[in-house]
Amino acid sequence: MSLVRVNAGFSRILCQHSRLLTTSAAPANEEYVSEPQYPEILDLSFRARKYRQKQTWHDKLRRVASVEEKLLGINMPRYYGYKCVMLNDQKIPYNSLPFTQFATRTAFREADKLPDFYRRYDEAAERIAGAVQGAIEEVLEHELRGYRKAHEGRSDTLTETQKLDIVAAAIVREVNRIVMNSLSGEFPHLEELDVDLAARHEAFWVVGGINPPLMVTKMRDGLRWSKKYKDDPTDRFFQYRGTPYLALRHEHPLSPLADVLEDSSAVLEFTYDPGTIGYFHEHCHGTCIPGFWPGERREFGTLSFQTRSHFLTRSKHFGAQDDQEALHAQGITGSYAWLLAQAAYQGFNTYNELTYPLVAQTVITDGQKWSFYAYQLNTLLLHSHHIQENPRVNECWGTREEKLFDSVDDAGKLVGFNLEVLKRLVAFYCNAPAKREGEMRPYLDAKDQHVADIENVEKREWLERTFKHIMSNRPLSRQIPEIFHWERIYMIDNKKRQMDPLRKWWQLPKNPFQRRLDDHTPRYIPKVIRPGGPKSKDKFEKTHYPDC
């Protein structure tokens with residue numbers, strides 16, 4: 001009897017289980033489709049897998065909430081910073097214009113006058129330039145010969161370049177004051193401008209399509225799985241640092257100068273290593289600073305004045321033609337970097353594309369010689385394959401250098417004042433910003449666009465402190481790993497120290513340059529100030545790095 005009961009019970013269980021399987025396996029009606037749907041077939045090649053890995057990180061970066069967290073997120077993969085090609089406004093190597101156009105994806109147009117966009121201001125510029133000419137001449141005479149400056153007679157402490165910067169900065173400040181006071185009645189936007197003196201202009205971006213350095217080629221050739229990709233182009237990191245004499249910014253951006261250009265053939269191709277023409281490298285964190293911290297109301301630049309004092313020390317053997325090209329390269333790089341930093345404060349970056357154009361105006365001067373540049377930023381995607389496939393191109397219009405005056409005579413009076421130069425400067429001031437319709441910050445959180453908007457006090461203070469520390473680029477307490485010359489000679493190129501223990505960083509399996517920014521011990525909290533009391537186990541400060 002017991003055996004029969006067991007068999008009957010087992011059969012009931014099997015029947016219930018079969019009914020359950022039949023019910024769960026039957027598809028619901030809404031799951032039926034007219035055509036079969038198959039999962040995407042992924043390309044499993046090395047290049048495709050690396051690109052998908054990058055794209056995943058870029059998508060995470062796009063979803064980060066605030067401006068400061070996005071800038072921290074860019075630096076998350078590198079604790080010691082990126083090995084960047086350093087660009088600045090103090091050194092322009094020989095034959096650098098083709099490289100500059102390629103590194104900023106800029107189509108450059110040299111002209112004797114400003115682009116057609118400025119024709120609307122011709123009448124006002126001519127009228128106002130004639131009205132302020134006398135005041136401008138008085139200012140120039142006063143700054144050049146009118147008084148004995150504090151730095152005169154200190155040739156042992158100041159170089160000729162520094163002396164020229166002092167005089168040129170004083171001229172720019174006075175000319176800016178006169179022009180703004182004269183135009184503010186007719187152009188009210190000038191009363192709403194903020195003026196920055198000697199501000200930090202910094203920008204970080206990535207450029208693809210550059211030939212790999214010899215060290216990278218050797219590294220790829222030494223690995224079985226990457227040997228056939230050893231000659232693939234690489235992405236190079238760029239960091240710009242500049243200090244203009246003066247910069248103006250407004251609450252609204254300038255209107256576009258032209259339609260967005262989509263002609264990649266307008267950009268010169270320069271795939272050689274930047275070191276071949278004289279640029280140097282440095283390990284640093286990527287920083288984007290347009291002259292102010294995030295959260296300012298007036299965050300769109302309109303006009304900046306840059307130095308050209310470095311031409312005093314530039315080799316005369318380069319020739320006048322290359323000096324003119326160096327000016328164009330400086331105007332392109334300074335304008336692009338300033339606009340990129342402004343775009344970063346709107347939530348865009350070198351990995352997330354700009355959704356509307358930005359415009360800036362740049363003047364390069366030493367007080368006597370003036371060059372004018374109008375720049376329209378249309379795209380930021382220059383990394384990886386985008387350098388070849390991105391149809392958008394940035395645009396820059398520039399003029400050749402011209403003298404505002406020929407000389408100063410023995411009586412301290414200007415000789416040969418050029419009113420045309422003053423008209424171009426006035427036209428830049430006449431160009432009024434306008435409020436742009438549509439979404440300006442599509443990649444920022446609607447509530448917490450800046451760290452100052454975060455309600456959590458602990459998180460807000462931590463992010464503010466960490467963000468400014470990273471943006472300062474102060475030297476790290478632990479030095480960046482390096483290979484000394486004797487180590488390369490006796491331990492790498494020639495195996496002459498076989499008895500040495502394998503303790504060098506390049507002999508260990510973990511690469512220190514792959515260390516992430518959050519890979520460190522958090523700050524220790526002493527017992528007396530721990531939130532949970534002296535017996536609390538929370539002895540380390542909580543970190544709030546972005547999830548990317």
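That block above? That's the structure.
What you see is a predicted model, and the numbers here were worked out from it, not measured in a lab. (Residues numbered from 1 in each chain as written. Predicted model: local features only at pLDDT ≥ 70, side-chain atom pairs only at ≥ 80, totals over all residues. Heavy atoms only, no water.)

Points about the packing of helix α6 (residues 160-183) against helix α10 (residues 419-430)
- For the pair α6 and α10, interaxial distance at closest approach is 11 Å and the crossing angle is 60°. By the angle between their axes, α6 is oblique relative to α10. Read as a crossing pair, α6 and α10 show a hand that is right-handed. Note on element contacts: α10 touches α6 through L425, V426, Y429 and C430, opposite V175, N176, V179, M180 and L183.
- Grouping the constituent residues of the contact of α6 with α10 by class yields eight nonpolar, one polar and no charged. (Axes fitted to C-alpha atoms, helices over the stretch in contact; angles between N-to-C directions. Helix = DSSP H or I, 4+ residues; strand = E, 2+ residues; numbered from the N terminus. Parallel < 35°, antiparallel > 145°, perpendicular 65-115°, else oblique. Left-handed = near helix turned anticlockwise from the far one by under 90°. Contact = heavy atoms within 4.5 Å. Nonpolar A, V, L, I, M, F, W, Y, C, P; charged D, E, K, R; others polar.)

A few points about the sheet that holds strand β5 (residues 234-242)
- What the five strands build is an open sheet, ordered β7-β1-β5-β4-β8; its pairing is mixed. Edge positions in the open sheet fall to β7 (281-284) and β8 (289-290), since each of these has one partner strand only.
- By the bridge criterion, five bridges tie strand β1 (residues 82-88) to β5 in an arrangement that is parallel. The partner of C84 across the bridge, within β5, is F237.
- Of the strands in this sheet, β1, β4 (201-210) and β5 touch helix α4 (residues 97-104), which is tilted by about 95° from β4. (Pairing = 2+ DSSP bridges.)

Thoughts on a nonpolar patch on the surface
- A surface patch of nonpolar side chains, about 410 Å² in accessible area, is lined by F484, W486, I489 and Y490.
- Summarising the element assignment, I489 is placed in helix α12 (residues 485-493).
- You can call I489 partly exposed: its relative accessible area is 43%. (Patch = residues over 30% accessible without salt bridge, like charges linked within 9 Å, V, L, I, M, F, W, Y side chains within 5 Å. Areas by Shrake-Rupley, 256 points an atom, 1.4 Å probe, with all protein chains shown as cover. Salt bridge = Lys/Arg side-chain N within 4 Å of Asp/Glu carboxyl O. Buried < 20%, exposed > 50% of the residue type's maximum accessible area, 1.4 Å probe, protein only.)

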